[in-house]
Amino acid sequence: MLRQIYSVFCQELKLDFRDITSIGSVLLFMVGATFISLKSFITLHGVGWVALYWILLLFSMLNLVMQSFKASRSSSRIAQYVYCSALSIVVGKWCYHLFYILFSGLLLFLLMSVFFGSPIQDFSLFGISLLLGSIGLCTLFTVVALITSLVPQAHLLTSILSLPLSLPYVLLCIKITIVSSGLIADTSIWSDITYLASLTLFAAGLGLLLLPTLWKS
Amino acid sequence: MLRQLWWKLLGAGILVIVLIIGLGTPLKSGILESFPLSAAVGETVTLDVRGYNTHFATATSQSAYLKNSEQRVVSASLIEVKSEQDAAFTFNLPTGDLASRESLTLIVNNEKDGSIILPSALLLKEGSPSNQSSTARWEPLMVNELHRSEGYRFPYRNILHETIRNTFFHVAIWFAMFILFITGLVNSILYLVRRNLVYDKIASAFTEVGIVYGMVGLATGSMWAKFTWGAWWTDDIKLNMSAIAILIYLAYLILRRSIHDIDSKARLSAAYNVFSFLILIPLIFIIPRMTDSLHPGNGGNPALGGEDLDNTLRLVFYPSIIGLTLLGVWLSSLSYRLSILKDRWILNHK
Amino acid sequence: MSNLINSYNSLLSNLLIILICLVPQLMLAASVDFLRSIGKIYSVIGVIVILFLALIGYLIYLDRKITRLENQNLNDE
């Protein structure tokens with residue numbers, strides 16, 4: 001089981017990093033988006049910085065997920081569908097998405113710190129929000145991508161379905177990140193954090209529960 | 001059962017009664033405004049009061065009080081009634097503590113209107129020493145002197161005024177929407193468990209009507225907001241969350257339209273319905289309570305506290321929910337039959 | 001099949017009759033409350049009008065679709 005998950009993860013990784021276009025497009029998206037916002041905002045502090053950070057992250061995430069399950073229809077990945085169970089494929093993809101979003105989150109943080117300067121004061125809290133937010137968004141997007149993977153126009157549908165759904169996550173993440181930047185002092189931030197975590201857990205549990213009904217073709 | 005007429009007529013009848021009672025019942029008396037807004041300690045001040053639904057002229061025993069924060073009052077020394085709505089009350093403000101600054105509550109009391117209360121009607125400012133001649137004193141309020149208003153009337157609230165009647169339509173339609181969405185959710189779960197396409201059709205019908213109700217809720221709320229908050233759309237958290245909830249359910253419809261295979265359509269849309277409802281729970285119930293809102297019942301309170309919804313309103317509000325829900329079930333049953341007809345049509349054309 | 005059509009028609013006509021009965025009530029309320037306009041009664045009237053227009057609009061939409069499908073089904077049979 002674990003071996004299967006690991007192999008799916010590695011295969012996704014290899015397929016994405018074998019050709020330079022994939023990693024290059026991530027880099028280009030990040031740098032381009034940051035540069036456009038630099039040119040349009042000129043300076044960016046506090047709340048604006050945090051909001052922009054999460055919005056850019058959300059879209060880069062969406063970018064990845066939109067092609068994740070669709071690309072798996074291609075011939076190069078058919079092998080894994082034969083040998084691995086549905087659960088391990090989905091968990092493997094989930095791991096890969098998580099890896100990807102954490103990687104791009106750190107990259108984006110680095111870029112925005114260089115261009116705008118970083119407002120983050122409490123790095124442990126920022127780390128928690130990035131980690132929890134990534135896991136939550138990752139779970140959400142994976143489930144939605146699973147739902148839409150069978151539909152002809154999966155590209156469009158994934159964004160339509162997942163953007164409204166991702167809102168509570170993004171709002172909570174933005175709130176926690178703002179607190180971590182020291183703009184607002186909030187003593188009840190841990191209730192937000194547990195709330196975000198429990199929401200993610202529920203989403204993951206429900207996703208696992210629905211997996212057999214979604215994975216049938 | 002679903003094809004019988006009685007419950008549809010019951011729903012429509014309840015709505016008619018709700019309309020008649022909800023629009024016909026008068027509001028309790030209230031005070032629209034009083035002028036001046038502030039006076040100094042020890043002064044003699046004449047408050048020009050404009051009432052709403054009041055009977056100043058026909059009432060025989062008129063009295064008026066200004067109440068301070070310690071629940072002590074000073075009563076009006078002179079009452080001049082100009083018309084049913086307009087009256088002037090003259091108060092000799094006590095000297096008491098010269099440096100005190102507080103806002104006083106105006107209580108107008110007669111046997112026809114009961115006791116009418118206008119909070120923070122007059123701001124008491126520091127007075128100059130020359131005003132110290134006043135002989136008036138703060139006295140304890142004689143509660144048994146206050147009249148109660150009679151008959152079945154809706155409460156008068158500042159800012160809201162007559163729009164308090166919107167509770168029966170705007171708030172009730174949100175409740176009905178939730179009942180419809182939850183019915184849809186239950187049917188989606190039933191589909192996932194039993195794999196019967198009928199459940200999928202019922203779920204889709206209920207969700208569709210729920211979306212219509214949600215849009216009506218947004219539109220009516222926008223209307224109400226324009227008259228009370230002054231803008232069609234405010235940056236209120238409940239408003240935005242509701243709009244997003246409607247977006248989520250619209251996405252459900254789009255998902256259904258974009259899949260052509262009947263089986264996978266049912267399967268995926270049922271899964272999405274269950275999943276999106278889970279995300280919706282915090283969106284509607286938890287996040288709005290964590291932030292400030294213009295809506296009543298925020299900051300940790302239940303949405304329908306005793307202050308906002310009194311018994312006279314409840315008597316119309318709950319039937320309104322039932323009536324709108326029955327109407328929603330009726331519409332859903334039509335939508336359900338439509339989907340059956342569609343299926344038959346597809347069958348005929350294959 | 002015609003049975004089905006009849007049941008739909010009776011339902012719709014019932015609802016229409018009920019709503020037609022409502023209109024004078026609404027107009028009465030509007031005219032009586034003209035003096036109460038300071039109390040923002042127009043907002044309530046607006047809310048009720050929006051509510052019933054939307055519901056009737058949805059009903060008409062459903063009705064038209066059902067009628068079309070029924071006619072097509074009848075033609076096919």
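Reading the values: the criteria
All chains use their own residue numbering, which begins from 1 and follows the written sequence. A letter from A marks each chain and a number from 1 marks each ligand, given out in the order of writing. Per-residue local features of the predicted model are confined to residues with pLDDT of at least 70, and side-chain atom pairs are confined, for both listing and counting, to 80 or more; whole-chain, interface and lining totals are unaffected and use all residues. Computation of side-chain values: all heavy atoms of the structure, hydrogens and water removed. Numbered from the N terminus, helices here are DSSP runs of H or I no shorter than four residues, and strands are runs of E no shorter than two. To sort residues, take the accessible area from a 1.4 Å probe on protein chains only and compare it with the maximum for the residue type: under 20% means buried, over 50% means exposed, and anything in between is partly exposed. We call two residues in contact when some of their heavy atoms are within 4.5 Å. Computed by Shrake-Rupley with a 1.4 Å probe, the accessible areas treat only the displayed protein chains as cover when residues are assessed. One requirement defines pairing of two strands: DSSP has to find at least two bridges between them. The angle between two axes is taken between their N-to-C directions and runs from 0 to 180 degrees, where each axis is a line fitted to C-alpha atoms and a helix contributes only its stretch in contact. Two parts placed together each lose some accessible area; with a 1.4 Å probe, that loss summed over both constitutes the buried area. Should a side-chain nitrogen of Lys or Arg be within 4 Å of a carboxyl oxygen of Asp or Glu, the pair is scored as a salt bridge. Residues adjacent in sequence count toward polar contacts only when both atoms are side-chain atoms; beyond that, a polar contact is any pair of N or O atoms within 3.5 Å, and within protein one must be able to donate a hydrogen and the other to accept it. In predicted models, pLDDT denotes the confidence assigned by the predictor to each residue on a 0 to 100 scale. Site definitions follow a grid-based scheme: protein atoms alone, a 1 Å grid, a 1.4 Å probe that fits but cannot get out for cavities, and for pockets an open set with protein on both sides within 12 Å along at least five of seven lines, plus lining residues having an atom within 4 Å of a point. Grid points are joined across faces, edges and corners, and a volume is the space filled by probe spheres set on the points.

Visitor: Hey, could you run me through the overall build of chain A in this one?
Guide: Within chain A, the regular secondary structure consists of eight helices and zero strands. Counting across all 217 residues of chain A, residues that qualify as buried make up 53%. Look at the contacts in chain A between residues 6 or more apart in sequence, and 83% of them connect residues 24 or more apart. Carbon together with sulfur atoms contributes 73% to the accessible area of chain A, which is approximately 9,900 Å² in total.

Visitor: What am I meant to see in the sheet that holds strand 3 (residues 44-52) of chain B here?
Guide: Residues and elements named next belong to chain B. Strands sit in the order 1-3-7-6 across an open sheet of four strands; the sheet is antiparallel. The open sheet is flanked by strand 1 (30-35) and strand 6 (78-81), the only strands paired with a single partner. Recorded for the sheet is a direction-independent mean angle of 25° between the axes of neighbouring strands. Across seven bridges, strand 3 lies against strand 7 (residues 86-92) in antiparallel orientation. Directly across from Thr44, in strand 7, lies its bridge partner Asn92.

Visitor: Where do I start with the pairing of strand 5 (residues 72-75) of chain B in this structure?
Guide: Working note: regular strand, side chains alternate between the two faces of the sheet. Residue and element names in this part refer to chain B. In terms of strand pairing, strand 4 (residues 63-67) meets strand 5 through three bridges, oriented antiparallel. Note on strand 5: the bridge partner recorded for Tyr65 is Ser75. Remark: four residues form the turn of the hairpin made by strand 4 and strand 5, two consecutive strands paired antiparallel; Gln71 in that turn has positive phi of roughly 65°. Here strand 5 runs beside strand 10 (residues 139-140); their pairing, made up of two bridges, is antiparallel.

Visitor: Just checking my understanding: could you explain the interface of chain C and chain B for this structure?
Guide: Many authors give the size of an interface as the accessible area that is lost as the parts come together. On the side of chain B, 44 residues touch chain C, which itself brings 38 residues to the contact. Summing both partners gives a buried area of about 4,100 Å² for chain C against chain B, and 76% of it is carried by carbon and sulfur. Taken together, chain C and chain B are joined by zero salt bridges. Across the chain C-chain B interface, the total number found is three residue pairs in polar contact (both at pLDDT 80 or more).

Visitor: What is the right way to read the confidence of the model for chain C from this model?
Guide: The predicted coordinates ought not to be read in detail in places where the model reports low pLDDT. Residue and element names in this part refer to chain C. Per-residue confidence for chain C averages 67 on the pLDDT scale, and 48% of its residues sit at or above 70. Counting contacts from residues 1-6, a segment whose pLDDT is below 50, to residues more than four positions away or on other chains yields nine contacts. Considering only residues more than four positions removed or in separate chains, one finds that residues 28-36, a stretch of pLDDT under 50, has nine contacts.

Visitor: Explanation requested: the environment of Leu156 of chain A in the structure shown.
Guide: Residue and element names in this part refer to chain A. In this fold, Leu156 is placed in helix 7 (residues 154-180). The exposure class assigned to Leu156 is exposed, which follows from its relative accessible area of 57%. Sequence-wise, Leu156 and Met66 are 90 residues apart; in three dimensions their C-alpha atoms are separated by 8.3 Å.

Visitor: I would appreciate a short explanation of unusual backbone geometry in the present structure.
Guide: Negative phi values dominate among residues other than glycine, just as trans dominates among peptide bonds. All names here are of chain B. Note that the residue after Phe35, namely Pro36, is joined by a cis bond; omega there is 0°. Positionally, Pro36 belongs in the loop between strand 1 and strand 2 (38-40). One non-glycine residue, Asn53, adopts positive backbone phi at about 60°. Among the secondary structure elements, Asn53 is positioned in the loop between strand 3 and strand 4. The exposure class of Asn53 is partly exposed, given its relative accessible area of 22%. Of note, the phi angle at Ser120 is positive, near 40°, even though the residue is not glycine. The residue Ser120 is located in strand 9 (residues 114-125) in this model.

Visitor: How should I be thinking about the layout of surface pockets in this particular structure?
Guide: Empty space left among the atoms is revealed by rolling a probe the size of a water molecule over them. Approximately 790 Å³ is the volume found for the second largest pocket. Taken together, 29 residues line the second largest pocket, and the ones lying closest to its centre are Lys265, Ser339, Lys342, Asp343 and Ile346 of chain B. For the lining of the second largest pocket, the secondary-structure elements that each account for two or more residues are helix 3 (197-228), helix 4 (237-258), helix 5 (262-290) and helix 6 (311-348) of chain B together with helix 2 (41-76) of chain C. Among the elements that take part in the lining of the second largest pocket, helix 6 of chain B stands out by supplying 10 residues, more than any other.

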